[in-house]
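Structure assessment
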Amino acid sequence: MGENEQLLLGIEPQGVNHVSRTDIEGLYQQQPNRIFLASTPYLAIYNFGKRFYSPSRIDGRIEELRAKRANKIAEASDSTKSRRIQDRFDRRIARQRDRKEEGNLLMQIGEPPAIYDSLLMERTMDQVEIYMNTKGFFDHELSYEKQEKGKKVYIKLNVKENEPYRYSEFNYTIPDDSLLRVVKRYEDRSLLKIGEVYDEQMISDERDRLYEMVRHNGYFDFARAYIEFEVDTSFGGNTVKVNTIIQNPEDQSAHKAYTIRNVYFKTDADRFGLIRDTLEFNNVQYLAYNQKFSTNILDKKVSIYPGQRFSQFRTSLTQRRLAEMDVFQFNNVSYSKITDPSDSLSVNQLNAFINAVPSKKFQETTELGMNFTERRPGPFSSVRLKVRNVFGGAENLDFGVRGGLEGQINISDPNETVMIREFGGDAALTFPTFVLPFGGRNILEDFNPRTRIYTGYTNVSRSEFSRSIYEASLDYIWFKYPRPLLTPTVQYIFSPVNVNVIQVGRINPAFDSTFLQNPSIRSFSESFRSGFISFVSFSLIYNTNDFIQSRNARYLRVLTEVGGITSKLGIMPETGSLRQFQYARINPDYRRY
């Protein structure tokens, strides 16, 4: 550091009670160096890496690459080869430039010295000032104290929030009477409430809510720019009056509400010069060169029909439901205005076009790998094949085979390593509706219902024993959504039929005498006896995590099983020498991220 330079090691907000401390820290225009155990390890890593950093050496390397590129291009026999050479050397030069700008690996892991800058500190104060006002603390007081310890600087950011401003009155200025009635109809869903603290972010969220609500009610041309908010704090008493303004279009006296005239659903990609076949079902026109999907099944996923008002909600819901079927690569819904001067009925009408491109019918996944657990490596492999739209009703068949070897310690002799051989296969057929003996295809259709028929086989062979497990189940699956267009948070799985058959082939006498004959570990020994297990299960999975949130999430899984009820129902399957079990269990699992 220079003679007059100081190292910034901390900015500490004081007096923050209601606003977010994290939000304030995110406004710092200069981030201090991180401290760990009274030291600055990241700064030390950066300084150590800088010893090996030479910008002039990188510049020389760039010049060498440029010269080599020119020579290679001159020697190239055609333009295609020249272009490949150009692209290859351009990428290498770009990497060298990034290295010059960002430093070497150690410099990127560490952090450069944060030299205290009073101008950046003033900018930080300006940003915090704006933030406090956006959160309703218009009467706040803000200052900072600079504490110097030699070449080190610590900043104490003093925030006195004082009394916030709260909403006291809401009004509307909407010249379009029809639109005003729509807004008033959903007024109870407003995000702004009397008595709550003023928040500009909440004002922005309210604008989004109004925009979506108006679009849900037929206003196809409506835009966010029509919505404004007038905020008045001049009435005293730390109160805020909000006037919601929705302007009319410049060239019109009112906003237009559109209805849907025709709905066209295309289930394959366009082919130039060919004409699609058309089927009509429930007033929707299904167009395809080859009708491969059941119109009855697709109709359960469509929420857009002729005669309805345009709705962005129903549009998004249709797209989500089609995506959840896992038979379409992508889908979209578009609209076109009907402009026919000779047709008086075409005023404010739309044609809806649902376009869905099917995914590949066959999808294969192959996995190869190697495990190294106990002194010996063990290879493993699996092959899975998914077949989509098997019977034309958007059914998916997924089956696979797997096998592998794995080294494990011998249970009888810890000094010996044995190889476990495991192989098996499974198959699952999934339907996009509930398949019940009495019909019921429309049950829970808003909750993405599915029916899954599963069967599987697993064989495990090791020096102590060999065992085979046969499985079969019938599962009914559905989901609960916090809001219709959000990611589901709850999954339900009801399995009225579950059958497991366990066949134990070979048991080592030493293993049997040491473990299976030990009365203190009866549950362990029972798992090595052939048996027939039938049970009914219900599983609930609650998960608030999603792709955009990785913190503050909750996961709860509750599994309940009741086994051996076939005999209670008078069903006595012939199981030969296989033992049968009666039991009940509940298995809760809660996690917090």
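First, a word on what this report is: a plain description of the structure on this page. (Residues numbered from 1 in each chain as written. Predicted model: local features only at pLDDT ≥ 70, side-chain atom pairs only at ≥ 80, totals over all residues. Heavy atoms only, no water.)

A tally of helices and strands in the protein chain yields 12 helices and 22 strands. Over its C-alpha trace the protein chain gives a radius of gyration of 34 Å, far above what one expects of a compact globule, namely 25 Å for 593 residues. Its C-alpha atoms give the protein chain principal-axis dimensions of about 85 × 80 × 75 Å. Expressed as a percentage of its 593 residues, the buried residues of the protein chain come to 37%. A total of about 34400 Å² of accessible surface is found on the protein chain, and carbon and sulfur atoms cover 51% of it. A distance of 6 Å separates the average location of the 79 positive side-chain charges in the protein chain from that of its 74 negative side-chain charges. (Helix = DSSP H or I, 4+ residues; strand = E, 2+ residues; numbered from the N terminus. Rg over C-alpha atoms; globule rule 2.2 N^0.38 Å. Buried < 20%, exposed > 50% of the residue type's maximum accessible area, 1.4 Å probe, protein only. Areas by Shrake-Rupley, 256 points an atom, 1.4 Å probe, with all protein chains shown as cover. Lys, Arg positive; Asp, Glu negative; His and termini not counted. Charge placed at Lys NZ, Arg CZ, Asp CG, Glu CD.)

Here we come to helix H2 (residues 41-50). Buried within H2 are the following residues: Leu43, Tyr46 and Gly49. The buried residues of H2 occupy one face: seen down the axis, they fall within an arc of 125°. Buried residues in H2 make contact with strand S1 (7-14) and helix H5 (105-109). (Arc of directions from axis to C-beta. Contact = heavy atoms within 4.5 Å.)

A cluster of nonpolar side chains, Phe48, Phe52, Leu105, Leu106 and Ile109, forms an exposed patch at the surface whose accessible area comes to about 490 Å². The dominant element in the nonpolar patch, judged by the number of residues it contributes, is H5, at three residues. (Patch = residues over 30% accessible without salt bridge, like charges linked within 9 Å, V, L, I, M, F, W, Y side chains within 5 Å. Salt bridge = Lys/Arg side-chain N within 4 Å of Asp/Glu carboxyl O.)

Another aspect to go through is helix H3 (residues 55-75). Under the 1.5 Å per step criterion, the end-to-end length of H3 is 31 Å for 21 residues, consistent within 8% with the ideal 30 Å. Ile58, Ile62, Leu65 and Arg69 are the residues of H3 that are buried. Down the axis, H3 shows its buried residues gathered within 60° of arc, on one side only. Seen from the buried face of H3, the exposed residues on the opposite side, beyond 90 degrees, are Ser56, Arg57, Ala74 and Glu75. (Expected span 1.5 Å × (residues − 1).)

Position of Asn498 among the secondary structure elements: in strand S18 (residues 490-507). Residue Asn498 is classed as buried on the basis of its relative accessible area of 9%. Distance from Asn498 to Arg529, taken between C-alpha atoms, is 19 Å for residues 31 residues apart in sequence. In this structure the side chain of Asn498 is engaged in a polar contact, spanning 3.1 Å, whose partner is the backbone oxygen of Ser495. (Polar contact = N/O pair within 3.5 Å; in protein donor to acceptor, adjacent residues only side chain to side chain.)

Another point: the environment of Met325. Considering the arrangement of structural elements, one finds Met325 in the loop between helix H10 (312-324) and strand S10 (328-337). Separated by 105 residues in the primary sequence, Met325 and Thr430 have C-alpha atoms spaced 10.0 Å apart. In this view, Met325 contacts Ile297, Leu298, Lys301, Ala394 and Asn396; residues no more than four positions away in its chain are not counted.

Further remarks concern the pattern of salt bridges. Tallied over the full model, the rule gives 28 salt bridges. Here Arg66 and Glu63 are joined by a salt bridge, their closest N and O atoms 3.0 Å apart. Of this pair, Arg66 and Glu63 both sit in helix H3, separated by three residues, roughly a single helical turn. Arg66 sits in the partly exposed class, given a relative accessible area of 31%. The shortest N-O distance in the salt bridge between Asp426 and Arg384 comes to 2.8 Å. Placement of Asp426 in strand S15 (residues 417-431) and of Arg384 in strand S13 (residues 377-388) is noted, with a sequence separation of 42 residues between them. Accessibility expressed as a relative area gives 15% for Asp426, which makes it buried.

Let us look at the sheet that holds strand S2 (residues 141-149). Pairing in this open sheet of three strands is mixed, and the strands run S1-S3-S2 from one edge to the other. One side of each edge strand has no neighbouring strand; the edge strands of this open sheet are S1 and S2. Within this sheet the neighbouring strands show an average axis-to-axis angle of 20°, counted without direction. Two strands pair when backbone bridges link them, and S1 and strand S3 (residues 152-160) are joined in this way by seven bridges, in the parallel orientation. Among the inter-strand pairings, Gly10 is bridged to a residue of S3, identified as Tyr154. Lying over the sheet, helix H6 (residues 118-134) contacts S1, S2 and S3, oriented at roughly 150° with respect to S2. (Pairing = 2+ DSSP bridges. Axes fitted to C-alpha atoms, helices over the stretch in contact; angles between N-to-C directions.)

Attention shifts here to the environment of Arg166. Positionally, Arg166 belongs in strand S4 (residues 166-173). For the pair Arg166 and Asn33, spaced 133 residues apart in sequence, the C-alpha separation works out to 38 Å. Apart from residues lying up to four places away in sequence, Arg166 is in contact with Gly195, Glu196, Val197, Tyr198, Asn238, Thr239 and Val240.

Attention shifts here to the pairing of S13. Relative to S13, strand S12 (residues 362-372) runs antiparallel, the two being bridged by 11 bridges. Bridging from a neighbouring strand, Gly369 pairs with Phe380 of S13. Where S12 folds back on S13, the antiparallel hairpin that results is connected by four residues, among which Arg375 adopts a positive phi of roughly 70°. With nine bridges connecting them, S13 and strand S14 (residues 396-409) associate as antiparallel partners. By the bridge assignment for S14, Ser382 is matched with Arg402.

In the structure shown here, the tally under the stated rule is 21 aromatic pairs. Taking the centre distance of 6.0 Å and the plane angle of 85° together, the rings of Phe434 and Trp478 count as edge-to-face. Note that Phe434 is positioned in the loop between S15 and strand S16 (450-461) and Trp478 in strand S17 (residues 465-480), a separation of 44 residues in sequence. For the pair Phe434 and Trp478, one class covers both residues: buried. With a centroid separation of 6.5 Å and 45° between ring planes, the pair formed by Trp478 and Phe538 is classed as tilted. Highlighted residues: Trp478 in strand S17 and Phe538 in strand S19 (residues 531-543), separated in sequence by 60 residues. Given a relative accessible area of 30%, Phe538 falls into the partly exposed group. Taken together, the ring pairs in this structure connect Phe138, Tyr165, Tyr167, Phe170 and Tyr198 into an aromatic cluster. The ring of Tyr154 carries Lys149 above its face, with NZ or CZ at 5.3 Å from the centroid. When the ring centre of Tyr481 is taken as origin, the NZ or CZ atom of Arg320, which lies over that ring, is 3.9 Å away. (Phe/Tyr/Trp six-rings, centres within 6.5 Å; stacked < 30°, edge-to-face > 60°. Lys NZ or Arg CZ within 6 Å of the ring centre and 35° of its normal.)

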